[in-house]
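# Survey of secondary and tertiary structure
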Amino acid sequence: MKYDCSQSVKAFRHAFLSIWTAFILTFNVGCFSLNSMGQIGSSVLEEISDINIFTDEEELKFGQAFAEQHAREVKFYTDPIVTNYINNLGQELVKRSKRNNIPYTFNVVDSKEINAYAVPGGFIYINLGLIHAVETESELAFVIGHEIGHIVGQHSMKRLTQIYGLEILKQIILDEDSNKLTKLVADILAAGLLFRYSRDNERESDFYGVNNVYDTGISPEGGISFFETLQKLQRRKPTALEKLISTHPIHSERITNVRNQINELPKKSGLRTNSSRFKQVKRRIR
Ligand SMILES: [Zn+2]
């Protein structure tokens with residue numbers, strides 16, 4: 001009988017993945033930090049985190065699986081005046097982003113929580129609560145630009161690669177049996193692994209966000225006023241901000257960086273802060 005080595009390797013990988021996922025789920029990834037893996041492990045992981053390793057098609061397939069799973073978990077807001085507006089604003093920003101060669105999908109989630117998030121492969125979600133909270137279109141554009149920035153920087157893909165390993169992830173994404181991908185995606189979402197961004201990720205996304213809105217012809221000052229709006233809301237109703245703050249902490253360093261970046265941009269006239277469509281949407285959801 002011929003010994004099929006690839007089957008053993010597959011079995012080993014499967015067992016490793018199951019144990020690793022179980023470890024993460026059992027101990028909650030909050031306990032899992034790069035620092036705890038020691039200096040050598042950290043430097044290796046940092047190197048891995050900067051390698052662009054998935055093709056757009058692979059990332060899209062991965063993201064599609066997340067989007068399908070997420071669509072079963074949340075309720076979407078479907079008023080076309082609002083969803084078309086968000087999609088148009090999003091696509092306007094995408095055109096001027098650093099990664100505009102992949103399709104982007106914008107969804108409005110019917111949730112009061114002030115939050116926005118991005119899933120690999122160009123899937124971006126804006127909670128209704130966030131549209132309620134922002135005071136100008138430029139604030140909203142900065143948030144969307146920031147989320148596009150997470151897709152540009154492939155932050156979630158890099159993070160998941162650090163956790164699971166490149167080969168294992170690729171193998172599951174490319175496997176003809178989609179059940180494995182569905183199971184992995186459900187585990188990742190349940191463990192909250194998708195939106196655990198590092199400070200560097202946040203810094204990079206803020207940087208992309210500011211440039212993106214500016215290049216689109218929207219005032220980058222929305223980046224500063226959005227943080228101010230959040231700080232006001234944090235004092236008034238902190239619970240509405242819990243999720244956003246947990247994934248996007250507002251460090252004073254972030255505000256300073258955004259301010260410095262805006263100050264260095266060449267002065268440009270005609271940058272818009274608001275639009276009649278934004279005001280129409282705000283009236284609509286009131
Ligand atoms: Zn972020």
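Please refer to the structure placed before this passage.
A brief structural summary. (Residues numbered from 1 in each chain as written. Predicted model: local features only at pLDDT ≥ 70, side-chain atom pairs only at ≥ 80, totals over all residues.)

### Here we look at the overall build of the protein
On a plain count of helices and strands, the protein comes out with 14 helices and three strands. In the protein, which comprises 286 residues, the proportion classed as buried is 35%. Contacts in the protein between residues far apart in sequence, at least 24 positions, make up 74% of those at least 6 positions apart. (Helix = DSSP H or I, 4+ residues; strand = E, 2+ residues; numbered from the N terminus. Buried ≥ 20, exposed ≤ 12 C-beta atoms within 10 Å, placed from the backbone. Contact = placed C-beta atoms within 7 Å.)

### Remarks on the nonpolar core
Judged by nonpolar contacts, the single largest core of 59 residues is most densely connected at Ile124, Ile126, Leu130, Ala141, Ile144 and Ile148. A total of eight residues in this core trace back to one element, the largest contributor, which is helix H6 (residues 137-152). Residues in contact with Leu130, not counting those within four places in the same chain, are Ile114, Asn115, Ala116 and Val143. (Core = buried A, V, L, I, M, F, W, Y, C linked by C-beta atoms within 7 Å.)

### Focus: the packing of H6 against helix H10 (residues 199-216)
Running from N to C, H6 and H10 point in directions that differ by 125°, and their axes come no closer than 7 Å. Classified by the angle between their axes, H6 and H10 sit oblique to one another. The interaxial crossing formed by H6 with H10 has right-handed handedness. Taken together, the residues of H10 that come into contact with H6 (itself represented by Ser138, Ala141, Phe142, Gly145, His146, Ile148, Gly149, His150 and Val152) are Asn201, Glu204, Ser205, Asp206, Tyr208, Gly209, Asn212 and Val213. (Axes fitted to C-alpha atoms, helices over the stretch in contact; angles between N-to-C directions. Parallel < 35°, antiparallel > 145°, perpendicular 65-115°, else oblique. Left-handed = near helix turned anticlockwise from the far one by under 90°.)

### Examining the sheet that holds strand S2 (residues 116-119)
Adjacent strands of a sheet pair through backbone hydrogen bonds, lying either parallel or antiparallel. Reading across the sheet, the three strands line up as S1-S3-S2 and stay open at both edges, with mixed pairing between neighbours. The strands lining the two open edges of the sheet, one partner per strand, are strand S1 (105-109) and S2. Strand-to-strand, the axes of this sheet are offset by a mean angle of 20°, without reference to chain direction. Of the strand pairs in this sheet, S2 and strand S3 (residues 123-127) are connected by four bridges, and their pairing is antiparallel. (Pairing = 2+ DSSP bridges.)

### Side note on the packing of H10 against helix H13 (residues 252-264)
Two elements in contact, H10 and H13, have axes whose closest approach is 10 Å; the angle formed by their N-to-C orientations is 30°. As the angle between them shows, H10 and H13 are arranged roughly parallel. For the pair H10 and H13, the crossing hand works out as right-handed. Across from Glu202, Arg203, Asp206, Phe207 and Val210 in H10, the residues of H13 making contact are Arg254, Asn257, Val258, Gln261 and Ile262. A per-class count over the contact of H10 with H13 returns four nonpolar, two polar and four charged. (Nonpolar A, V, L, I, M, F, W, Y, C, P; charged D, E, K, R; others polar.)

### Re the pairing of S2
Neither face of S2 is open: one carries Ala116 and Ala118, the other Tyr117 and Val119, and all of them are buried. If you look at the hairpin formed by S2 and S3, you'll find three residues sitting between the two strands, and Gly121 has a positive phi there, around 85°.

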